[in-house]
Structures are given as structure tokens and as C-alpha cells.
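Structural overview
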Amino acid sequence: WPMFGMKRRTPDTATQRRLRLLSVVNALARQEQSDMTFLKREDWTEDQINELPSGEHDYFDRNSGALFDNVSDRNNLSDTLAKAASAFANSGGGNLILGVTDAGVMDGVPRIFSGRTTTRDWLEQKLPQLLDYRLGDFRVHVVLPASNSKIPSGRDVIVLDFGDSALAPHQSARDHTYYYRSAGRSIPAPHFYLELLRQRLTSPSLDFNLTGIEVDAWSNEQLPMLRVDAKFIVENKGRVAAYKWALVPRTLGDI
């Protein structure tokens, strides 16, 4: 350990090893799900924000709008956004809610962030630059207020939708660390988790099986004729849709 400039780490207990393994399994399982489109919506409403369960979750996180109010500490804001974006992009996607405290109180973020630039526009421009590789699969939503809104006047609640990135793993460009979601938190990802991400299938992988053959033979003007109908089942084993594919027969000799 001293050779690598590291302190000797206290061995994990059996419970800690089990919890860490469970969190990794859950994160990888989210990446393999094909029905994660609910993460990215066309819009978010205040009622939908209020319906989210309390506490910490792997699928979403809340951040108080006070993070945006300290103009002299923009570095802390960028560090927090980069950490969350890396974690969600490396864990199958999720939602980051800005302007809501951990207790569920809506304190909002300033509507105008810098000069005439709105907070929403600033986030859309800033987020891709916070990760290596650059983040591409995300959406920025200004929450639609309810009729009896609890969002403070002149402020907005913003939701960032992160998709499952095909370029994962992404590291924070701020501290050059890879993060992932575990037990409702964004924490540094272990080495073996990153290797699993790098080994994911990112292109179609077609598999086919011959399921049956029908043979028909007859004679035509004293010439023997043979017809063979081969039936296949083609299945995509990969994580990416195969939009263009073909099963091409080849000629062997005169056959």
C-alpha cells in the first residue's frame, strides 16, 4: 500500500461486502433494462415532483437551490453537477432535481443565472463540458408549477433527465473521478464496475437458429426438382436495436 501512496484500508465486513455487491448488481441490472424510457419525459409538473418518494434513491436525487445562490463559489456547483451527471450516466440513467431540499421543500433555483442567461440555458451549455466523454443523452426541464404552487416567486425547479449513455463510463472533468449510484448516493465507482461498463455490448448482436426444414421433391419434364424451405428464428442479443439486417443465402457450387 505505501508503494502506491495509499493508506492501508481496513478490511470490509461481510455486511459491507454484501451491500456493495448488491448495489453494483442493481446498477448493472438497470443498464440492461429495455423499459427505462420513463426516465426521460416530455415535461415535469410540480405534482409529479411531489409524488416522488421521500428519502434517497438510486434513480433520482434532490439538490437545494441554495447551491446556485452562492455566486462566489461556482466551483462547488460545477463539482456537484459533474459528480451527479457522471454517476447517473454510469448507472443506467436517472433524474437530478434542482431546487428541492432533501426534506422535499421547494426552494427553487434563480430563474436568471448569469447576465441574461437563464439557469436552464446555462445548464444545457455547461453539462456536456463537465464529463469526459462529453455528455450527450440528457434533457433539462423547467417544472410546470401547480395552481397552488409552493415554488417561490421568481424561481424555478429544474429536473435533469440523464439517459443510459452508450459512451459510459464517464468521468467527472472536475476531479477526474468515475462515479456511480449506490444506496441513493453518488460515490466513486470501483475498478471492476468500470471494467464491466467498458465490456458492455454497444452494437447489435444477432443470433439465429434453424428451427425447421420443409422439403418438397417432384419431376418437371423428366428433370428432378427439389425445394427446401428453411425456417429461422432471429434474435437480437445486444443492447442496441438492429434497424437494418438481412439473412443472405450463399451458393455452393451449382446449388
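Quick look at the structure, then. (Residues numbered from 1 in each chain as written. Predicted model: local features only at pLDDT ≥ 70, side-chain atom pairs only at ≥ 80, totals over all residues. Heavy atoms only, no water.)

1. Quick word on the sheet that holds strand E7 (residues 138–142)
Selection rule: Any two strands with at least two DSSP-identified bridges between them are counted as paired. Here a strand is any run of E in DSSP of at least two residues, a helix any run of H or I of at least four, and the numbering for each starts at the N terminus. Structural elements are reduced to axes, namely lines fitted to C-alpha atoms, with helices fitted over the stretch in contact, and the angle between N-to-C directions of any two is expressed from 0 to 180 degrees.
In spatial order, the strands read E1-E2-E9-E7; together these four strands make up an open sheet with mixed pairing. In the strand order of this sheet, the two ends are held by strand E1 (60–63) and E7, each with one partner. Each neighbouring strand pair of the sheet contributes to a mean axis angle of 15°, computed without reference to strand direction. In the sheet, strand E2 (residues 94–98) pairs with strand E9 (residues 158–162) via five bridges, with the strands oriented antiparallel.

2. Some points on the pattern of salt bridges
Just so we agree on the cut-off: In the sections that follow, a salt bridge refers to a side-chain nitrogen of Lys or Arg positioned within 4 Å of a carboxyl oxygen of Asp or Glu. The buried label applies to any residue whose accessible area, calculated with a 1.4 Å probe on protein chains only, is under 20% of its type's maximum; exposed applies above 50%, and partly exposed to all values in between.
By the definition in use, this model includes nine salt bridges. Across the pair Glu-124 and Arg-120 runs a salt bridge whose closest N-O atoms are separated by 3.7 Å. In this pair, Glu-124 and Arg-120 both sit in helix H5 (residues 119–126), four residues apart, roughly one turn of the helix. Of the residues examined, Arg-120 reaches a relative accessible area of 35% and is grouped as partly exposed.

3. A short note on the nonpolar core
Put simply, the rule reads: We define a nonpolar core as any set of buried Ala, Val, Leu, Ile, Met, Phe, Trp, Tyr and Cys residues linked to one another through side-chain atoms lying within 4.5 Å. By the convention used here, residues are in contact when the closest approach between their heavy atoms is within 4.5 Å.
In this structure, Phe-68, Leu-81, Leu-96, Leu-98, Leu-123, Leu-160 and Phe-162 are the most contacted members of the largest nonpolar core, which totals 24 residues. Contributing elements (two or more residues each) for this core: helix H3 (66–69), helix H4 (74–89), E2, H5, E7 and E9. Take this core: its biggest share by element is seven residues, from H4. Residue contacts for Leu-160: discarding those within four places in its chain leaves Leu-81, Gly-94, Asn-95, Leu-96, Leu-98, Leu-123, Leu-127, Arg-139 and Val-140. Counting 11 residues, the second largest nonpolar core, distinct from the first, contains Trp-44, Leu-52, Phe-60 and Val-143.

4. Describing the environment of Asn-95
Note the threshold: Any pair of nitrogen or oxygen atoms within 3.5 Å is treated as a polar contact; in protein, a donor-acceptor pairing is required on top of that, and neighbouring residues in sequence qualify only through side-chain atoms on both sides.
Secondary-structure assignment places Asn-95 in strand E2. Spatially, the C-alpha atom of Asn-95 lies 10.0 Å from that of Val-140, the residues being 45 residues apart in sequence. At 2.7 Å, the side chain of Asn-95 forms a polar contact with the side chain of Asp-161.

5. Side note on the pairing of strand E14 (residues 223–236)
Where strand E13 (residues 206–220) and E14 come together, 14 bridges link them in antiparallel fashion. Counted as the bridge partner of Asp-207 is Glu-235 from E14.

6. Structural notes on the environment of His-170
Position of His-170 among the secondary structure elements: in the loop between E9 and strand E10 (171–172). Overall, the relative accessible area of 0% leaves His-170 in the buried class. With 84 residues separating them along the chain, His-170 and Ser-86 place their C-alpha atoms 5.5 Å apart. A distance of 2.8 Å separates the side chain of His-170 from the backbone oxygen of Tyr-133, its partner in a polar contact.

7. Regarding H5
The periodicity of an α-helix, 3.6 residues per turn, causes residues three or four positions apart to be oriented the same way. Quick note on the threshold: Taken from the helix axis, the directions to the C-beta atoms give the arc we talk about.
Along H5, the positions that sit buried rather than exposed are Thr-119, Trp-122 and Leu-123. With its buried residues spanning 100° around the axis, H5 presents them on a single face.

8. Quick notes on the packing of aromatic side chains
Put simply, the rule reads: Any pair of Phe, Tyr and Trp rings, taking the six-membered ring for Trp, is counted once the centres come within 6.5 Å. Such a pair is stacked with planes under 30 degrees apart, edge-to-face with planes over 60 apart, and tilted for the rest.
Counted by the stated rule, this structure contains five aromatic pairs. Seen in terms of ring centroids, Phe-113 and Trp-122 are 4.4 Å apart; in terms of plane orientation they differ by 35°. Their pairing is tilted. When its relative accessible area of 8% is taken as the criterion, Phe-113 is described as buried. Judged by centre distance (4.6 Å) and plane angle (40°), the rings of Tyr-180 and Tyr-193 are tilted. With Tyr-180 in strand E11 (residues 179–182) and Tyr-193 in helix H6 (residues 191–198), the pair connects residues that are 13 residues apart, well separated along the chain. According to the relative accessible area criterion, Tyr-180 is buried, its value standing at 2%. A connected cluster of aromatic rings, assembled from ring pairs, spans Phe-68, Phe-113 and Trp-122.

9. A word on unusual backbone geometry
Asp-132 connects to Tyr-133 through a cis peptide bond whose omega is -5°. The omega torsion across Ala-168 and Pro-169 is 10°, close enough to zero to call that bond cis. With respect to the secondary-structure elements, Pro-169 resides in the loop between E9 and E10. Despite not being glycine, His-176 has its phi angle at roughly 55°, a positive value. A relative accessible area of 55% places His-176 in the exposed class. Although it is not a glycine, Glu-221 adopts a positive phi angle of roughly 50°. Taking relative accessible area as the criterion, Glu-221 reaches 72% and is therefore assigned exposed.

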